[in-house]
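So you can see what is in the structure, the chains are spelled out below.
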Amino acid sequence: AQTVTQSQPEMSVQEAETVTLSCTYDTSESDYYLFWYKQPPSRQMILVIRQEAYKQQNATENRFSVNFQKAAKSFSLKISDSQLGDAAMYFCAYRVQGAQKLVFGQGTRLTINP
Amino acid sequence: DTEVTQTPKHLVMGMTNKKSLKCEQHMGHRAMYWYKQKAKKPPELMFVYSYEKLSINESVPSRFSPECPNSSLLNLHLHALQPEDSALYLCASSQFRDDQPQHFGDGTRLSIL
């Protein structure tokens, strides 16, 4: 069974600093997709970034980037120049190719200190 | 602005009531999803519709009844719910491609008295 583990229930960072959220997953599949979603208090799950497992290059979206280590089954999210609006619950998610089900980690609550 | 619209945003109902949650998207997505989310927990998949047909039912109790009238609409009919069913119910949609993410609505906060 596929599992996703986020080992940091809570993280905090000073505004304008950099923070890294960790995510590891367990799978025997070779083709899959990884996602980071954020869920602010407004409740909506918002896609932050995604990574295809067959791509070696790490995905980047503005201040958000990932460190994808396929052999280690690790998919961490780096947020640079943290802003107050980044405060949210962050979920790492995995989906195997051909499957519709997203497997979520337990989430990391990120606090931004002004 | 969210591209997946859920109504109502809040719903309080008694255990004997019948109510429905609605979800609408106009992105041309052919996969639609219902999730249940308890506080401080990740979303749990309930149902998946693919091309308006139910493709996944995650052993959800029959007091939850999904319906997909057309490619843009998804309903969740509720009847005889229990207090433990109080949660945030999220709807999502996606293209029918593995590399495409799911787009979520704002959810319906459901409270069972």
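Below is a summary of the structure that appears in this document. (Residues numbered from 1 in each chain as written. Chains lettered and ligands numbered in written order. Predicted model: local features only at pLDDT ≥ 70, side-chain atom pairs only at ≥ 80, totals over all residues. Heavy atoms only, no water.)

1. Notes on the packing of aromatic side chains
- The final tally for this structure, using the stated rule, is 14 aromatic pairs over all chains.
- Taking the centre distance of 6.2 Å and the plane angle of 25 degrees together, the rings of W36 of chain A and F75 of chain A count as stacked. Taken as a pair, W36 of chain A in strand 5 (residues 32-39) and F75 of chain A in strand 9 (residues 74-79) lie far apart in primary sequence, 39 residues in all. Side by side, W36 of chain A and F75 of chain A carry an identical accessibility label, which is buried.
- Chaining the aromatic ring pairs together yields one cluster made of F35, Y37, F91 and F104 of chain A together with Y33, Y35 and F104 of chain B. (Phe/Tyr/Trp six-rings, centres within 6.5 Å; stacked < 30°, edge-to-face > 60°. Helix = DSSP H or I, 4+ residues; strand = E, 2+ residues; numbered from the N terminus. Buried < 20%, exposed > 50% of the residue type's maximum accessible area, 1.4 Å probe, protein only.)

2. Describing the pattern of salt bridges
- Inspection of the entire model under this criterion finds seven salt bridges over all chains.
- Across the pair D86 of chain A and R63 of chain A runs a salt bridge, and its minimum N-O distance is 2.8 Å. Here D86 of chain A is found in the loop between strand 9 and strand 10 (88-96), whereas its partner R63 of chain A is found in the loop between strand 7 (60-61) and strand 8 (64-69), with 23 residues between them in sequence.
- For D86 of chain A, a relative accessible area of 3% corresponds to the buried category.
- Ionic pairing is found between E58 of chain B and K101 of chain A, a salt bridge with its closest N-O pair at 2.8 Å. Residue E58 of chain B is located in the loop between strand 6 (53-57) and strand 7 (64-70), and its partner K101 of chain A is located in the loop between strand 10 and strand 11 (103-104); the two belong to separate chains. (Salt bridge = Lys/Arg side-chain N within 4 Å of Asp/Glu carboxyl O.)

3. Description of the sheet that holds strand 3 (residues 18-25) of chain B
All names here are of chain B.
- What the four strands build is an open sheet, ordered 1-3-8-7; its pairing is antiparallel. Each of the sheet's edge strands pairs with one partner strand only, and the pair in question is strand 1 (4-7) and strand 7. Going across the sheet, the axis of each strand differs from the next one's by a mean of 20 degrees, ignoring polarity.
- Sheet topology note: the strand 1/strand 3 ladder contains four bridges and is antiparallel. Bridge pairing in strand 3 places T5 opposite E24. (Pairing = 2+ DSSP bridges. Axes fitted to C-alpha atoms, helices over the stretch in contact; angles between N-to-C directions.)

4. Things to note about the pairing of strand 11 (residues 108-112) of chain B
Residue and element names in this part refer to chain B.
- Of the two faces of strand 11, the one holding T108, L110 and I112 is buried and the one holding R109 and S111 is not buried anywhere.
- As paired elements, strand 2 (residues 10-13) and strand 11 share four bridges and run parallel to each other. Each bridged residue has a counterpart across the sheet, and for M13 the counterpart in strand 11 is I112.
- Note: strand 9 (residues 87-94) against strand 11, three bridges, orientation antiparallel. Bridged to A87 within strand 11 is L110.

5. Focus: the interface of chain A and chain B
- Taken together, the contact between chain A and chain B spans 23 residues of the former and 32 residues of the latter.
- Note on chain A versus chain B: buried area summed over both sides is about 2100 Å², and carbon and sulfur give 48% of it.
- It is R43, Q44 and Q100 of chain A in chain A that bury the most area against chain B; as a group they hold 34% of the surface buried on that side.
- Counting the contacts that link chain A with chain B gives one salt bridge.
- Joining chain A to chain B, the criterion identifies 12 residue pairs in polar contact (both at pLDDT 80 or more).
- Elements represented by at least two residues in the side of chain A that touches chain B include exactly strand 5, strand 6 (46-52) and strand 10 of chain A.
- Tallying contributions element by element places strand 5 of chain A first for the side of chain A that touches chain B, with four residues.
- Each residue belonging to the side of chain A that touches chain B can be placed in one class, and the counts come to 10 nonpolar, eight polar and five charged. (Contact = heavy atoms within 4.5 Å. Buried area = accessible area lost by both parts, 1.4 Å probe. Polar contact = N/O pair within 3.5 Å; in protein donor to acceptor, adjacent residues only side chain to side chain. Nonpolar A, V, L, I, M, F, W, Y, C, P; charged D, E, K, R; others polar.)

6. Some details on the environment of E24 of chain B
Residues and elements named next belong to chain B.
- Secondary-structure assignment places E24 in strand 3.
- The sequence separation of E24 and S93 amounts to 69 residues, and the corresponding C-alpha distance is 9.2 Å.
- A distance of 2.7 Å separates polar atoms of two side chains, one belonging to E24 and the other to H26.

7. Quick notes on the nonpolar core
- Core analysis: the largest hydrophobic core is formed by 27 residues, its most contacted members being Y25, W36, F75, L77, Y90 and Y94 of chain A.
- Mapped by element, the contributors of at least two residues to this core are strand 3 (19-21), strand 5, strand 6, strand 8, strand 9, strand 10 and strand 12 (108-113) of chain A.
- It is strand 10 of chain A that provides the largest number of residues to this core, a total of five residues.
- The next biggest cluster of nonpolar side chains, apart from the first, holds 22 residues, and it includes Y49, C68, L74 and I112 of chain B. (Core = buried A, V, L, I, M, F, W, Y, C linked by side-chain atoms within 4.5 Å.)

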